Amino acid sequence: MRVASAVLLTALAVLATGCGHDDATTPGAGSPAATATATPSGYADMKQKVDAAESAAAAAGRDATSDADK
């Protein structure tokens with residue numbers, strides 16, 4: 001259970017860090033339509049980190065429910 005909690009907290013920290021302020025979305029920085037549809041910088045890296053965190057959380061969940069250690 002501790003491993004799953006640690007993985008979850010790590011994933012949340014990664015998401016919180018990655019969802020920081022982006023200057024391109026500040027009011028007056030281009031048209032609203034352009035900023036609403038543009039992909040934020042670093043999106044691909046953040047998606048990769050989220051996917052890795054989800055995978056680690058799933059693995060931790062499988063490990064926590066495994067009968068191998070019992």
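Keep in mind the model is a prediction, meaning the values are calculated, not measured. (Residues numbered from 1 in each chain as written. Predicted model: local features only at pLDDT ≥ 70, side-chain atom pairs only at ≥ 80, totals over all residues. Heavy atoms only, no water.)

Some words on the environment of arginine 2
Turning to step 1, where the next piece is worked out: Here arginine 2 shows up in helix H1 (residues 2–18).
Turning to step 2, where the next piece is worked out: With relative accessibility at 77%, the residue arginine 2 sits in the exposed group.
Turning to step 3, where the next piece is worked out: Spatially, the C-alpha atoms of arginine 2 and alanine 60 are 9.3 Å apart, while their sequence positions differ by 58 residues. (Helix = DSSP H or I, 4+ residues; strand = E, 2+ residues; numbered from the N terminus. Buried < 20%, exposed > 50% of the residue type's maximum accessible area, 1.4 Å probe, protein only.)

A word on helix H3 (residues 43–65)
Turning to step 1, where the next piece is worked out: Its 23 residues place the ends of H3 33 Å apart at the C-alpha level, agreeing with the 33 Å of an ideal helix rising 1.5 Å per residue.
Turning to step 2, where the next piece is worked out: All of the buried residues along H3 are Met46, Ala53 and Ala60. (Expected span 1.5 Å × (residues − 1).)

Comments concerning the pattern of salt bridges
Turning to step 1, where the next piece is worked out: Following the criterion strictly, the structure yields one salt bridge and no others.
Turning to step 2, where the next piece is worked out: Where lysine 47 meets aspartate 51, a salt bridge forms, and the shortest distance between an N and an O atom there is 3.4 Å. Highlighted residues: lysine 47 and aspartate 51, both in helix H3, separated by four residues, approximately one helical turn.
Turning to step 3, where the next piece is worked out: Take lysine 47: its relative accessible area is 42%, and that puts it in the partly exposed class.
Turning to step 4, where the next piece is worked out: Classification of aspartate 51 by relative accessible area gives partly exposed; the value is 37%. (Salt bridge = Lys/Arg side-chain N within 4 Å of Asp/Glu carboxyl O.)

Concerning the confidence of the model for the protein chain
It should be kept in mind that the predicted coordinates are not to be read in detail where pLDDT is low.
Turning to step 1, where the next piece is worked out: On average, residues of the protein chain score 74 in pLDDT, and 64% of them are at 70 or above.
Turning to step 2, where the next piece is worked out: Per-element averaging of pLDDT across the protein chain places helix H2 (residues 32–37) at the bottom with 57 and H3 at the top with 91. (pLDDT = per-residue confidence, 0-100.)

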